[in-house]
Amino acid sequence: MRIALIDANNFYVSCERLFRPELEGRPVVVLSNNDGCAVARSNEAKALGIQMGQPYFQWQELARKHQVVVLSSNYALYADLSNRFMEVLAQFSPVQEVYSIDESFLDLTGIAIDPLAMGRVLRERVRRWVGLPVCVGMGPSKTLAKLCNHFAKKRPEYDGVCDWESLSAVEQHRLLAETPVSALWGIGRRLGNRLEAMAVRTVAEFRAQDPGAIREHFGVTVARTQAELHGTSCLSLVEIQPPKQQIVSSRSFGRPVRSKASLREALTLYTTRAAEKLRREGQLAALVQVFVRTNPFRNQDPQYGRSVSIALRQATDDTGQLLAGALRGLDEIYREGFAYAKAGIMLSELRPRSLQCTDLFGSDRDRERREQLMGTLDAINRRYGKGTLGLDVAGLQSPRDWTMRRGNKSPSYTTCWAELPIVKA
DNA sequence: TCTGGGGTCCTAGGACCC
DNA sequence: TCTGGGGTCCTAGGACCC
(Lines give C-alpha, C1' and ligand atoms only; values in the text may rest on other atoms or scores of the structure.)
Protein backbone atom coordinates (compact mmCIF):
# COMPACT_ATOMS: atom_id res chain seq x y z
CA MET A 1 0.00 0.00 0.00
CA ARG A 2 1.31 3.41 -0.90
CA ILE A 3 -0.73 6.49 -0.08
CA ALA A 4 0.25 10.03 -0.98
CA LEU A 5 -1.03 13.20 0.65
CA ILE A 6 -0.61 16.32 -1.44
CA ASP A 7 -1.17 19.57 0.38
CA ALA A 8 -0.87 23.12 -0.90
CA ASN A 9 1.47 25.42 1.01
CA ASN A 10 -0.27 28.33 2.78
CA PHE A 11 -3.13 27.74 0.36
CA TYR A 12 -5.15 30.97 0.57
CA VAL A 13 -2.00 33.08 0.50
CA SER A 14 -0.68 31.15 -2.51
CA CYS A 15 -3.99 31.75 -4.35
CA GLU A 16 -3.71 35.49 -3.75
CA ARG A 17 -0.08 35.53 -4.86
CA LEU A 18 -0.96 33.83 -8.10
CA PHE A 19 -2.65 37.04 -9.28
CA ARG A 20 -0.34 39.40 -7.46
CA PRO A 21 3.16 38.03 -7.95
CA GLU A 22 4.61 41.12 -6.29
CA LEU A 23 3.44 39.59 -2.98
CA GLU A 24 6.06 36.84 -3.39
CA GLY A 25 8.65 37.12 -0.62
CA ARG A 26 6.52 39.50 1.45
CA PRO A 27 4.60 38.73 4.65
CA VAL A 28 0.95 38.07 3.69
CA VAL A 29 -1.99 37.06 5.89
CA VAL A 30 -5.54 36.09 4.86
CA LEU A 31 -8.27 36.75 7.41
CA SER A 32 -11.39 34.79 8.32
CA ASN A 33 -14.90 36.15 7.82
CA ASN A 34 -15.51 39.54 9.38
CA ASP A 35 -11.77 40.09 9.13
CA GLY A 36 -11.63 38.33 12.49
CA CYS A 37 -8.65 35.96 12.69
CA ALA A 38 -5.61 34.90 10.69
CA VAL A 39 -6.49 31.76 8.71
CA ALA A 40 -3.55 31.61 6.29
CA ARG A 41 -0.06 33.02 6.64
CA SER A 42 2.89 33.19 4.29
CA ASN A 43 6.18 31.88 5.66
CA GLU A 44 7.32 35.47 6.17
CA ALA A 45 4.20 36.18 8.27
CA LYS A 46 4.75 33.00 10.31
CA ALA A 47 8.31 34.13 10.96
CA LEU A 48 6.95 37.36 12.46
CA GLY A 49 5.11 35.24 15.03
CA ILE A 50 1.54 35.68 13.76
CA GLN A 51 -0.33 32.57 14.89
CA MET A 52 -2.97 30.53 13.09
CA GLY A 53 -6.39 31.64 14.34
CA GLN A 54 -5.02 34.65 16.16
CA PRO A 55 -7.44 37.62 16.26
CA TYR A 56 -6.43 40.42 13.92
CA PHE A 57 -6.59 43.19 16.52
CA GLN A 58 -3.89 41.43 18.55
CA TRP A 59 -1.27 41.66 15.81
CA GLN A 60 -2.48 44.69 13.88
CA GLU A 61 0.29 46.88 15.26
CA LEU A 62 2.94 44.31 14.37
CA ALA A 63 1.48 44.05 10.88
CA ARG A 64 1.66 47.78 10.37
CA LYS A 65 5.24 47.92 11.55
CA HIS A 66 6.38 45.16 9.18
CA GLN A 67 4.14 46.15 6.28
CA VAL A 68 2.28 42.87 6.28
CA VAL A 69 -0.21 42.59 3.42
CA VAL A 70 -3.53 41.74 5.09
CA LEU A 71 -6.36 40.39 2.93
CA SER A 72 -9.98 39.41 3.51
CA SER A 73 -10.84 35.91 2.42
CA ASN A 74 -12.07 35.36 -1.14
CA TYR A 75 -13.70 31.93 -1.09
CA ALA A 76 -14.89 32.02 -4.69
CA LEU A 77 -11.27 32.31 -5.83
CA TYR A 78 -9.99 29.60 -3.47
CA ALA A 79 -12.75 27.15 -4.41
CA ASP A 80 -12.08 27.60 -8.11
CA LEU A 81 -8.32 27.07 -7.79
CA SER A 82 -8.96 24.11 -5.51
CA ASN A 83 -11.04 22.43 -8.24
CA ARG A 84 -8.26 22.90 -10.77
CA PHE A 85 -5.71 21.53 -8.32
CA MET A 86 -7.81 18.41 -7.64
CA GLU A 87 -8.34 17.79 -11.36
CA VAL A 88 -4.60 17.78 -12.00
CA LEU A 89 -4.02 15.31 -9.16
CA ALA A 90 -6.75 13.01 -10.45
CA GLN A 91 -4.60 12.32 -13.50
CA PHE A 92 -2.06 10.47 -11.35
CA SER A 93 -4.34 7.83 -9.86
CA PRO A 94 -7.85 6.47 -10.31
CA VAL A 95 -8.28 6.45 -6.53
CA GLN A 96 -8.47 9.93 -5.02
CA GLU A 97 -9.92 11.32 -1.84
CA VAL A 98 -10.39 15.08 -1.81
CA TYR A 99 -9.86 15.63 1.88
CA SER A 100 -10.24 19.40 2.15
CA ILE A 101 -10.04 22.53 0.04
CA ASP A 102 -6.25 22.26 -0.15
CA GLU A 103 -5.47 18.57 0.46
CA SER A 104 -5.96 15.33 -1.36
CA PHE A 105 -5.00 11.71 -0.82
CA LEU A 106 -4.03 9.54 -3.80
CA ASP A 107 -3.63 5.79 -3.77
CA LEU A 108 -0.36 5.07 -5.59
CA THR A 109 -0.23 1.36 -4.69
CA GLY A 110 1.29 -0.74 -7.46
CA ILE A 111 2.56 2.20 -9.49
CA ALA A 112 6.01 1.07 -10.52
CA ILE A 113 7.76 4.46 -10.64
CA ASP A 114 10.17 5.37 -7.84
CA PRO A 115 8.05 7.16 -5.24
CA LEU A 116 10.38 10.10 -4.78
CA ALA A 117 10.54 10.68 -8.54
CA MET A 118 6.76 10.43 -8.67
CA GLY A 119 6.44 12.97 -5.86
CA ARG A 120 8.66 15.42 -7.70
CA VAL A 121 6.60 15.06 -10.88
CA LEU A 122 3.40 15.73 -8.91
CA ARG A 123 4.86 18.87 -7.40
CA GLU A 124 6.15 20.17 -10.67
CA ARG A 125 2.90 19.46 -12.51
CA VAL A 126 0.74 21.36 -9.99
CA ARG A 127 3.23 24.19 -9.94
CA ARG A 128 3.19 24.56 -13.72
CA TRP A 129 -0.45 23.81 -14.48
CA VAL A 130 -2.19 25.51 -11.59
CA GLY A 131 0.51 27.77 -10.21
CA LEU A 132 0.37 26.52 -6.63
CA PRO A 133 3.29 25.34 -4.49
CA VAL A 134 2.56 21.96 -2.86
CA CYS A 135 4.30 19.35 -0.73
CA VAL A 136 3.97 15.57 -1.06
CA GLY A 137 4.08 13.00 1.74
CA MET A 138 3.90 9.26 1.12
CA GLY A 139 3.58 6.19 3.30
CA PRO A 140 1.85 2.84 3.80
CA SER A 141 -1.02 4.47 5.76
CA LYS A 142 -2.85 7.78 5.69
CA THR A 143 -1.38 8.78 9.04
CA LEU A 144 2.19 8.14 7.83
CA ALA A 145 1.47 9.98 4.56
CA LYS A 146 0.22 12.94 6.60
CA LEU A 147 3.25 12.81 8.84
CA CYS A 148 5.64 12.66 5.90
CA ASN A 149 3.86 15.62 4.37
CA HIS A 150 4.58 17.45 7.62
CA PHE A 151 8.29 16.57 7.27
CA ALA A 152 8.27 17.60 3.62
CA LYS A 153 6.94 21.01 4.66
CA LYS A 154 9.07 21.63 7.71
CA ARG A 155 12.41 20.23 6.60
CA PRO A 156 13.99 21.92 3.59
CA GLU A 157 16.40 18.99 3.07
CA TYR A 158 13.50 16.94 1.65
CA ASP A 159 12.74 19.58 -0.95
CA GLY A 160 8.98 19.18 -0.61
CA VAL A 161 8.76 15.40 -1.05
CA CYS A 162 9.06 12.78 1.70
CA ASP A 163 8.35 9.05 1.42
CA TRP A 164 8.30 6.94 4.58
CA GLU A 165 9.59 3.79 2.97
CA SER A 166 12.48 5.52 1.27
CA LEU A 167 13.84 6.56 4.67
CA SER A 168 16.35 4.38 6.55
CA ALA A 169 15.23 2.89 9.88
CA VAL A 170 17.62 5.20 11.69
CA GLU A 171 16.21 8.25 9.92
CA GLN A 172 12.63 7.16 10.58
CA HIS A 173 13.32 6.83 14.27
CA ARG A 174 15.16 10.12 14.47
CA LEU A 175 12.21 11.93 12.83
CA LEU A 176 9.65 10.32 15.15
CA ALA A 177 11.76 11.15 18.19
CA GLU A 178 12.05 14.80 17.13
CA THR A 179 8.34 15.29 16.47
CA PRO A 180 5.88 16.20 19.26
CA VAL A 181 2.91 13.84 19.53
CA SER A 182 0.47 16.70 19.01
CA ALA A 183 1.78 17.08 15.43
CA LEU A 184 -0.01 13.82 14.60
CA TRP A 185 -3.22 13.79 12.61
CA GLY A 186 -6.00 13.06 15.12
CA ILE A 187 -4.10 14.22 18.21
CA GLY A 188 -5.26 17.69 19.12
CA ARG A 189 -4.49 19.88 22.10
CA ARG A 190 -6.56 17.97 24.65
CA LEU A 191 -5.27 14.52 23.81
CA GLY A 192 -1.78 15.97 23.47
CA ASN A 193 -1.96 17.30 27.03
CA ARG A 194 -3.30 14.04 28.39
CA LEU A 195 -0.52 12.10 26.69
CA GLU A 196 2.07 14.53 27.94
CA ALA A 197 0.78 14.05 31.47
CA MET A 198 1.69 10.39 31.00
CA ALA A 199 5.19 11.42 29.86
CA VAL A 200 4.39 10.61 26.23
CA ARG A 201 5.78 13.63 24.43
CA THR A 202 7.07 12.50 21.04
CA VAL A 203 5.61 10.43 18.24
CA ALA A 204 8.30 7.80 18.92
CA GLU A 205 7.19 7.50 22.55
CA PHE A 206 3.55 7.30 21.52
CA ARG A 207 4.25 4.59 18.98
CA ALA A 208 6.09 2.51 21.60
CA GLN A 209 3.16 2.47 24.06
CA ASP A 210 1.28 -0.74 24.77
CA PRO A 211 -1.62 -0.85 22.26
CA GLY A 212 -4.03 -2.35 24.81
CA ALA A 213 -3.43 0.48 27.23
CA ILE A 214 -3.86 3.09 24.48
CA ARG A 215 -7.15 1.49 23.44
CA GLU A 216 -8.38 1.41 27.02
CA HIS A 217 -7.45 4.97 27.96
CA PHE A 218 -8.00 6.81 24.68
CA GLY A 219 -10.54 4.84 22.65
CA VAL A 220 -10.54 3.29 19.20
CA THR A 221 -9.66 6.42 17.23
CA VAL A 222 -6.34 6.96 18.98
CA ALA A 223 -5.59 3.22 18.90
CA ARG A 224 -6.04 3.31 15.12
CA THR A 225 -3.67 6.23 14.81
CA GLN A 226 -1.06 4.21 16.69
CA ALA A 227 -1.54 1.16 14.47
CA GLU A 228 -1.22 3.36 11.39
CA LEU A 229 2.14 4.61 12.67
CA HIS A 230 3.32 1.01 12.64
CA GLY A 231 2.40 0.85 8.96
CA THR A 232 -0.93 -0.96 9.40
CA SER A 233 -3.45 0.86 7.24
CA CYS A 234 -6.73 1.25 9.16
CA LEU A 235 -8.25 4.18 7.29
CA SER A 236 -9.24 3.66 3.69
CA LEU A 237 -9.62 6.37 1.08
CA VAL A 238 -13.09 7.87 0.82
CA GLU A 239 -13.55 8.29 -2.91
CA ILE A 240 -17.22 9.17 -2.98
CA GLN A 241 -18.39 11.65 -0.43
CA PRO A 242 -21.26 10.09 1.53
CA PRO A 243 -24.32 12.34 1.67
CA LYS A 244 -24.10 15.01 4.33
CA GLN A 245 -25.80 14.41 7.66
CA GLN A 246 -26.27 18.07 8.46
CA ILE A 247 -26.04 21.41 6.72
CA VAL A 248 -25.08 24.48 8.70
CA SER A 249 -25.26 28.12 7.78
CA SER A 250 -24.22 30.67 10.35
CA ARG A 251 -22.30 33.92 10.62
CA SER A 252 -21.03 36.33 13.17
CA PHE A 253 -22.44 39.79 12.61
CA GLY A 254 -20.38 42.76 11.50
CA ARG A 255 -21.65 44.58 14.57
CA PRO A 256 -23.92 43.65 17.48
CA VAL A 257 -27.59 43.18 16.60
CA ARG A 258 -30.40 43.92 19.05
CA SER A 259 -33.61 43.89 17.05
CA LYS A 260 -35.62 40.84 16.15
CA ALA A 261 -36.19 42.30 12.69
CA SER A 262 -32.47 42.16 11.93
CA LEU A 263 -32.20 38.61 13.24
CA ARG A 264 -35.12 37.57 11.06
CA GLU A 265 -33.41 39.11 8.10
CA ALA A 266 -30.10 37.38 8.80
CA LEU A 267 -31.83 34.03 9.33
CA THR A 268 -33.70 34.49 6.05
CA LEU A 269 -30.38 34.78 4.28
CA TYR A 270 -28.80 31.81 6.11
CA THR A 271 -31.82 29.60 5.51
CA THR A 272 -31.79 30.50 1.82
CA ARG A 273 -28.12 29.45 1.60
CA ALA A 274 -28.71 26.24 3.52
CA ALA A 275 -31.73 25.33 1.38
CA GLU A 276 -29.69 25.85 -1.79
CA LYS A 277 -27.03 23.52 -0.44
CA LEU A 278 -29.68 21.00 0.48
CA ARG A 279 -31.16 20.99 -3.03
CA ARG A 280 -27.71 20.75 -4.59
CA GLU A 281 -27.16 17.67 -2.43
CA GLY A 282 -30.49 16.22 -3.56
CA GLN A 283 -31.67 15.86 0.00
CA LEU A 284 -34.63 16.80 2.19
CA ALA A 285 -34.48 17.95 5.83
CA ALA A 286 -36.94 17.03 8.55
CA LEU A 287 -35.42 19.07 11.37
CA VAL A 288 -34.50 22.76 11.51
CA GLN A 289 -32.39 24.01 14.40
CA VAL A 290 -31.96 27.71 15.08
CA PHE A 291 -29.52 29.33 17.44
CA VAL A 292 -28.64 32.85 18.56
CA ARG A 293 -25.95 34.00 20.97
CA THR A 294 -24.29 37.08 22.36
CA ASN A 295 -20.54 37.69 22.20
CA PRO A 296 -18.86 35.36 24.72
CA PHE A 297 -15.67 37.45 24.60
CA ARG A 298 -17.49 40.43 26.05
CA ASN A 299 -18.14 38.82 29.39
CA GLN A 300 -18.85 42.17 31.05
CA ASP A 301 -22.06 42.26 28.96
CA PRO A 302 -25.14 40.19 29.82
CA GLN A 303 -24.80 36.82 28.07
CA TYR A 304 -27.52 34.81 26.42
CA GLY A 305 -27.53 31.93 24.02
CA ARG A 306 -30.13 29.39 23.09
CA SER A 307 -31.03 26.97 20.38
CA VAL A 308 -34.24 25.18 19.52
CA SER A 309 -35.18 22.33 17.21
CA ILE A 310 -38.25 22.58 15.02
CA ALA A 311 -39.50 19.28 13.65
CA LEU A 312 -41.18 19.75 10.29
CA ARG A 313 -44.39 17.94 9.54
CA GLN A 314 -42.68 16.48 6.53
CA ALA A 315 -39.12 16.47 5.18
CA THR A 316 -38.68 19.21 2.60
CA ASP A 317 -36.17 21.16 0.53
CA ASP A 318 -38.49 24.11 0.03
CA THR A 319 -36.91 27.39 1.15
CA GLY A 320 -40.28 28.74 2.25
CA GLN A 321 -41.14 25.81 4.49
CA LEU A 322 -37.67 25.67 6.00
CA LEU A 323 -37.76 29.41 6.59
CA ALA A 324 -41.16 29.22 8.27
CA GLY A 325 -39.67 26.68 10.68
CA ALA A 326 -36.57 28.77 11.29
CA LEU A 327 -38.57 31.92 12.04
CA ARG A 328 -40.91 30.02 14.34
CA GLY A 329 -37.79 28.85 16.18
CA LEU A 330 -36.51 32.41 16.43
CA ASP A 331 -39.82 33.51 17.99
CA GLU A 332 -39.26 30.92 20.67
CA ILE A 333 -35.71 31.81 21.60
CA TYR A 334 -35.47 35.56 20.98
CA ARG A 335 -35.18 37.69 24.10
CA GLU A 336 -35.17 41.44 24.04
CA GLY A 337 -32.34 43.42 25.57
CA PHE A 338 -29.31 41.48 24.40
CA ALA A 339 -26.59 42.40 21.93
CA TYR A 340 -26.47 39.40 19.63
CA ALA A 341 -23.20 38.55 17.92
CA LYS A 342 -24.08 35.42 15.96
CA ALA A 343 -27.01 33.41 14.68
CA GLY A 344 -27.40 30.41 12.47
CA ILE A 345 -29.45 27.48 11.36
CA MET A 346 -28.77 23.78 11.02
CA LEU A 347 -30.68 21.38 8.83
CA SER A 348 -30.60 17.76 9.96
CA GLU A 349 -32.40 14.44 9.72
CA LEU A 350 -31.54 14.58 6.06
CA ARG A 351 -32.72 11.99 3.58
CA PRO A 352 -32.49 11.60 -0.19
CA ARG A 353 -35.22 13.34 -2.15
CA SER A 354 -35.82 10.10 -4.03
CA LEU A 355 -37.36 8.62 -0.87
CA GLN A 356 -39.88 11.42 -0.43
CA CYS A 357 -43.32 10.27 0.67
CA THR A 358 -46.45 11.97 -0.45
CA ASP A 359 -47.96 14.50 1.91
CA LEU A 360 -51.23 13.35 3.39
CA PHE A 361 -52.36 16.92 3.90
CA GLY A 362 -51.05 18.76 0.86
CA SER A 363 -51.84 18.33 -2.78
CA ASP A 364 -49.26 16.95 -5.17
CA ARG A 365 -50.04 19.79 -7.55
CA ASP A 366 -49.01 22.37 -4.97
CA ARG A 367 -45.87 20.48 -4.33
CA GLU A 368 -44.96 20.30 -7.98
CA ARG A 369 -45.42 24.02 -8.35
CA ARG A 370 -43.20 24.71 -5.35
CA GLU A 371 -40.54 22.42 -6.76
CA GLN A 372 -40.62 24.27 -10.06
CA LEU A 373 -40.32 27.57 -8.22
CA MET A 374 -37.25 26.38 -6.31
CA GLY A 375 -35.68 25.01 -9.48
CA THR A 376 -36.17 28.34 -11.23
CA LEU A 377 -34.80 30.26 -8.27
CA ASP A 378 -31.65 28.13 -8.22
CA ALA A 379 -31.17 28.43 -11.97
CA ILE A 380 -31.46 32.23 -11.90
CA ASN A 381 -29.07 32.53 -9.00
CA ARG A 382 -26.59 30.21 -10.69
CA ARG A 383 -26.72 32.26 -13.84
CA TYR A 384 -26.81 35.80 -12.49
CA GLY A 385 -25.02 35.34 -9.19
CA LYS A 386 -25.82 34.41 -5.63
CA GLY A 387 -28.64 36.35 -4.08
CA THR A 388 -30.06 37.73 -7.31
CA LEU A 389 -33.47 36.38 -6.37
CA GLY A 390 -34.76 35.18 -3.01
CA LEU A 391 -37.79 34.80 -0.82
CA ASP A 392 -38.88 37.58 1.46
CA VAL A 393 -40.90 35.92 4.14
CA ALA A 394 -39.29 38.04 6.80
CA GLY A 395 -40.17 41.41 5.33
CA LEU A 396 -36.81 42.98 4.57
CA GLN A 397 -36.83 46.51 5.86
CA SER A 398 -34.23 47.39 8.43
CA PRO A 399 -30.91 48.72 7.14
CA ARG A 400 -28.61 45.76 6.78
CA ASP A 401 -26.08 46.88 9.32
CA TRP A 402 -25.23 43.34 10.44
CA THR A 403 -23.52 41.98 7.32
CA MET A 404 -19.94 40.93 7.64
CA ARG A 405 -16.92 43.10 7.29
CA ARG A 406 -14.57 42.25 4.46
CA GLY A 407 -12.46 45.33 4.10
CA ASN A 408 -9.73 43.91 1.92
CA LYS A 409 -11.09 41.33 -0.47
CA SER A 410 -9.22 40.67 -3.70
CA PRO A 411 -11.19 40.55 -6.99
CA SER A 412 -12.86 37.30 -8.05
CA TYR A 413 -10.25 36.89 -10.76
CA THR A 414 -11.49 33.58 -12.10
CA THR A 415 -15.22 33.46 -11.32
CA CYS A 416 -16.61 36.86 -12.26
CA TRP A 417 -16.36 38.39 -15.74
CA ALA A 418 -16.25 41.92 -14.43
CA GLU A 419 -13.24 41.11 -12.26
CA LEU A 420 -11.05 39.27 -14.77
CA PRO A 421 -7.46 40.41 -14.51
CA ILE A 422 -6.41 42.38 -17.58
CA VAL A 423 -2.91 41.73 -18.80
CA LYS A 424 -1.45 44.74 -20.58
CA ALA A 425 0.67 43.85 -23.55
C1' DT B 1 -13.82 48.47 18.87
C1' DC B 2 -11.92 44.34 17.10
C1' DT B 3 -12.07 36.93 18.56
C1' DG B 4 -14.48 32.25 11.70
C1' DG B 5 -17.34 28.57 9.72
C1' DG B 6 -18.54 23.92 8.57
C1' DG B 7 -18.17 19.40 9.36
C1' DT B 8 -17.41 14.18 11.42
C1' DC B 9 -16.93 10.46 14.74
C1' DC B 10 -16.92 8.34 19.36
C1' DT B 11 -18.53 7.54 24.05
C1' DA B 12 -21.27 7.35 28.12
C1' DG B 13 -25.51 7.04 30.09
C1' DG B 14 -30.45 6.60 30.19
C1' DA B 15 -34.74 4.60 28.38
C1' DC B 16 -36.73 0.77 26.88
C1' DC B 17 -37.46 -4.05 25.36
C1' DC B 18 -37.68 -9.10 25.98
C1' DT C 1 -32.83 -11.30 52.76
C1' DC C 2 -32.62 -12.09 48.08
C1' DT C 3 -33.56 -7.82 43.16
C1' DG C 4 -30.97 -10.66 35.70
C1' DG C 5 -28.76 -10.01 31.53
C1' DG C 6 -28.28 -8.65 27.04
C1' DG C 7 -29.40 -5.81 23.42
C1' DT C 8 -30.82 -1.43 20.79
C1' DC C 9 -31.72 3.27 20.23
C1' DC C 10 -31.23 8.01 21.30
C1' DT C 11 -28.95 12.14 22.97
C1' DA C 12 -25.57 15.26 24.80
C1' DG C 13 -21.10 16.32 25.06
C1' DG C 14 -16.35 15.93 23.87
C1' DA C 15 -12.77 15.61 20.67
C1' DC C 16 -10.92 16.15 16.32
C1' DC C 17 -10.21 18.06 11.40
C1' DC C 18 -9.31 22.02 7.92
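Residues numbered from 1 in each chain as written. Chains lettered and ligands numbered in written order. Predicted model: local features only at pLDDT ≥ 70, side-chain atom pairs only at ≥ 80, totals over all residues. Heavy atoms only, no water.

**Re the protein's contact with DNA strand B**
What counts, and what does not: We call a residue near a given molecule or strand whenever any one of its heavy atoms falls within 4 Å of it. Between N or O atoms, a polar contact is any pair within 3.5 Å; within protein, one atom must be a potential hydrogen donor and the other a potential acceptor, and residues adjacent in sequence are included only when both atoms are from side chains. Secondary structure elements are defined from DSSP: runs of H or I of at least 4 residues count as helices, runs of E of at least 2 residues count as strands, and each element is numbered from the N terminus. Charged residues are taken to be Asp, Glu, Lys and Arg, nonpolar residues to be Ala, Val, Leu, Ile, Met, Phe, Trp, Tyr, Cys and Pro, and polar residues to be all remaining types, Gly included.
Taken together, 24 residues are adjacent to DNA strand B, and Arg224, Val248, Ser250, Arg251 and Ser252 come closest. Separating a phosphate oxygen of DNA strand B from a side-chain N or O atom of Gln245 is a distance of 3.0 Å. Every element with two or more residues in the surface near DNA strand B is listed here: helix H10 (211-229) and strand S9 (246-257). In terms of residue count, S9 provides more of the surface near DNA strand B than any other element does, 7 residues in total. Considered class by class, the residues forming the surface near DNA strand B number 7 nonpolar, 10 polar and 7 charged.

**Quick notes on the protein's contact with DNA strand C**
In the vicinity of DNA strand C lie 13 residues, with Ser100, Lys146, Gly186, Arg190 and Leu191 positioned nearest. Each atom of DNA strand C within 4 Å of the protein belongs either to a base or to sugar and phosphate, the latter forming 100%. Within the backbone of Gly188, one N or O atom sits 3.1 Å away from a phosphate oxygen of DNA strand C. Within the side chain of Arg190, one N or O atom sits 2.4 Å away from a phosphate oxygen of DNA strand C. Of all elements in the fold, only strand S5 (96-100) and helix H8 (189-197) reach the threshold of two or more residues within the surface near DNA strand C. The element that contributes the greatest number of residues to the surface near DNA strand C is H8, accounting for 3 residues. Taken together, the residues of the surface near DNA strand C break down into 5 nonpolar, 3 polar and 5 charged.

**Overview of the pairing of strand S1 (residues 3-8)**
Stated precisely, the cut-off is as follows: Buried, partly exposed and exposed residues are distinguished by accessible area as a fraction of the type maximum, computed with a 1.4 Å probe on protein chains only: under 20%, between the cut-offs, and over 50%, respectively. Each pair of strands is called paired provided DSSP finds at least two bridges between the two strands.
Of all the 6 residues making up S1, 6 are buried; the element is thus mostly covered by neighbouring parts of the structure. Every second residue of S1 is oriented toward a common face, with Ile3, Leu5 and Asp7 on one face and Ala4, Ile6 and Ala8 on the other, all of them buried. By the bridge criterion, 6 bridges tie S1 to strand S7 (residues 134-139) in an arrangement that is antiparallel. Note on S7: the bridge partner recorded for Ile3 is Gly139. Examined bridge by bridge, S1 and strand S6 (residues 103-107) share 5 bridges and lie antiparallel to one another. When the bridges of S6 are listed, Leu5 appears paired with Phe105.

**Looking at the packing of aromatic side chains**
We apply this condition: A pair of aromatic rings is counted whenever rings of Phe, Tyr or Trp (Trp by its six-membered ring) have centres within 6.5 Å, and the orientation is called stacked for planes under 30 degrees apart, edge-to-face for over 60 and tilted otherwise. For a lysine, the NZ atom is tested; for an arginine, the CZ atom; a charge sits over a ring if that atom is within 6 Å of the ring centre and within 35 degrees of the ring normal.
Using the criterion set out here, one finds 13 aromatic pairs in the structure. Geometrically, the ring pair formed by Tyr99 and Trp185 is edge-to-face, given 5.6 Å between the ring centres and 85 degrees between the ring planes. Of this pair, Tyr99 sits in strand S5 while Trp185 sits in the loop between helix H7 (169-178) and H8, and the two are 86 residues apart along the sequence. The exposure class of Trp185 is partly exposed, given its relative accessible area of 24%. Just above the ring of Trp129 sits the side chain of Arg125; from NZ or CZ to the centre is 4.7 Å.

**Here we look at the environment of Leu108**
Keep this limit in mind: Contacts are residue-level and defined by heavy atoms, with any inter-residue pair within 4.5 Å sufficient.
Examined against the element boundaries, Leu108 turns out to sit in the loop between S6 and helix H5 (115-129). The class for Leu108 is buried, based on a relative accessible area of 1%. Taking the C-alpha atoms as reference points, Leu108 and Arg2, separated by 106 residues in sequence, lie 5.3 Å from one another. For Leu108, the residues in contact, after removing those within four places along its chain, are Arg2, Ala4, Phe92, Ser93, Met118 and Met138.

**Let's talk about H7**
Heads up, the condition is: By construction, the arc corresponds to the directions joining the helix axis to the C-beta atoms.
Within the span of H7, buried status applies to Gln172, Leu175 and Leu176. For H7, the arc enclosing every buried residue in end-on projection is 95 degrees, short of the 170-degree limit, so these residues lie on one face. Looking at the buried positions of H7, the neighbouring elements they touch are helix H6 (142-154) and helix H9 (203-207).

**Some thoughts on the sheet that holds strand S4 (residues 69-71)**
What holds strands together in a sheet is hydrogen bonding between their backbones, with the strands either parallel or antiparallel. Put simply, the rule is: For every element, the axis is a line fit to its C-alpha atoms; helices are fit only across the contacting stretch, and the angle between N-to-C directions ranges from 0 to 180 degrees.
Spatial strand order, S3-S2-S4: 3 strands in an open sheet with mixed pairing. Across the chains shown, the open sheet's two edge strands, defined by having one partner strand only, are strand S3 (38-41) and S4. Direction aside, neighbouring strands of the sheet carry axes that sit 25 degrees apart on average. Both strand S2 (residues 28-31) and S4 contribute to a ladder of 3 bridges, which runs parallel. In the sheet register, Val30 faces S4, and the bridge partner there is Leu71.

**Concerning the environment of Leu122**
Relative to the helices and strands, Leu122 resides in helix H5. The exposure class assigned to Leu122 is buried, which follows from its relative accessible area of 0%. For the pair formed by Leu122 and Thr179, sequence separation is 57 residues and the distance between their alpha carbons is 26 Å. The contact partners of Leu122, leaving out residues within four places of it in the chain, are Ile6, Leu89, Phe92, Leu106 and Val136.

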